[in-house]
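What follows is each chain in one-letter form.
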Amino acid sequence: MKPGATTGGSPLEQHVRTAVAAHRDDRGALLPILHDIQATFGYVDPAVVPLLADELNLSRADVHGVISFYHDFRKSPAAGTHVRICRAEACQAAGAEQLVAHAKDRLRTDIGGTSPDRDTTLDQVFCFGNCALGPTVEINGRIAGRVTPQRFDALLDKA
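A brief structural summary. What you are looking at is a predicted structure, and each value in this text was computed from that prediction instead of being measured.

Let us look at unusual backbone geometry. Gly-134 connects to Pro-135 through a cis peptide bond whose omega is -5°. Residue position: Pro-135 is located in the loop between strand E3 (120–125) and strand E4 (137–139). Positive phi outside glycine occurs at Arg-118, with the angle close to 65°. Here Arg-118 lies in the loop between strand E2 (113–114) and E3. If you check the backbone angles, Asn-140 has positive phi at about 50° while not being a glycine. Within the fold, Asn-140 resides in the loop between E4 and strand E5 (142–144).

This is the structure:
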C-alpha cells in the first residue's frame, strides 16, 4: 500500500490494494495483479483501472491497454457455465469453425458474450495444447476433445 493510503474502501478496492502490495516489487507487476483480481472476483471490474494506475504509477491507458489486449481478462462477470472453444490452427483444421457456429446458434450469443438467459458465457482460446484431439472445448474448466456439435450439446446439457 502507498504511504498515507487508507485501508478503507470497498472489498474490491481492499483486494486490489492487497494484490498490489503483494506484487509491487515484481517485474511486470500488473499482470499478476490482474490475474489475482480475476481469480478472486471472476472478472476485472473497470473500476480498478484508475486505482491500479494510481497504485502502480501507470497511466489509465496503460492499464486499460493490458486488460483489453489479453482476451482472458473479462470485463464483466461470466455466467454460471463458462464455455471456451479452441480456435487455433489444429482445431480449425478439425472443424472448430463449424463448432463455433453451432455454439453461437445454440447459446444465442457471440464469442465473448453471455446467453440471453444469463446461464452460459461463450469465449474462445487459441490453444489448449490438445491439438491431436481437436476441436477442443472447455466447459467449466473440464477439457473435451474431438467435440462435434452433437457432443457439444451433450456436454453442455451435462454441465
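Now that the structure has been shown, the text picks up again.
Of all six residues in strand E1 (residues 81–86), five are buried; the element is thus mostly enclosed. Direction of pairing for E1 relative to E3: parallel, over a ladder of six bridges. Residue pairing in the sheet places Thr-81 in a bridge with Thr-120 of E3. As paired strands, E1 and E4 are joined by three bridges and run antiparallel to one another. Within E4, the residue paired with Val-83 across the bridge is Ile-139.

Cut-offs applied
Residues numbered from 1 in each chain as written. Predicted model: local features only at pLDDT ≥ 70, side-chain atom pairs only at ≥ 80, totals over all residues. Heavy atoms only, no water. Helix = DSSP H or I, 4+ residues; strand = E, 2+ residues; numbered from the N terminus. Buried < 20%, exposed > 50% of the residue type's maximum accessible area, 1.4 Å probe, protein only. Pairing = 2+ DSSP bridges.

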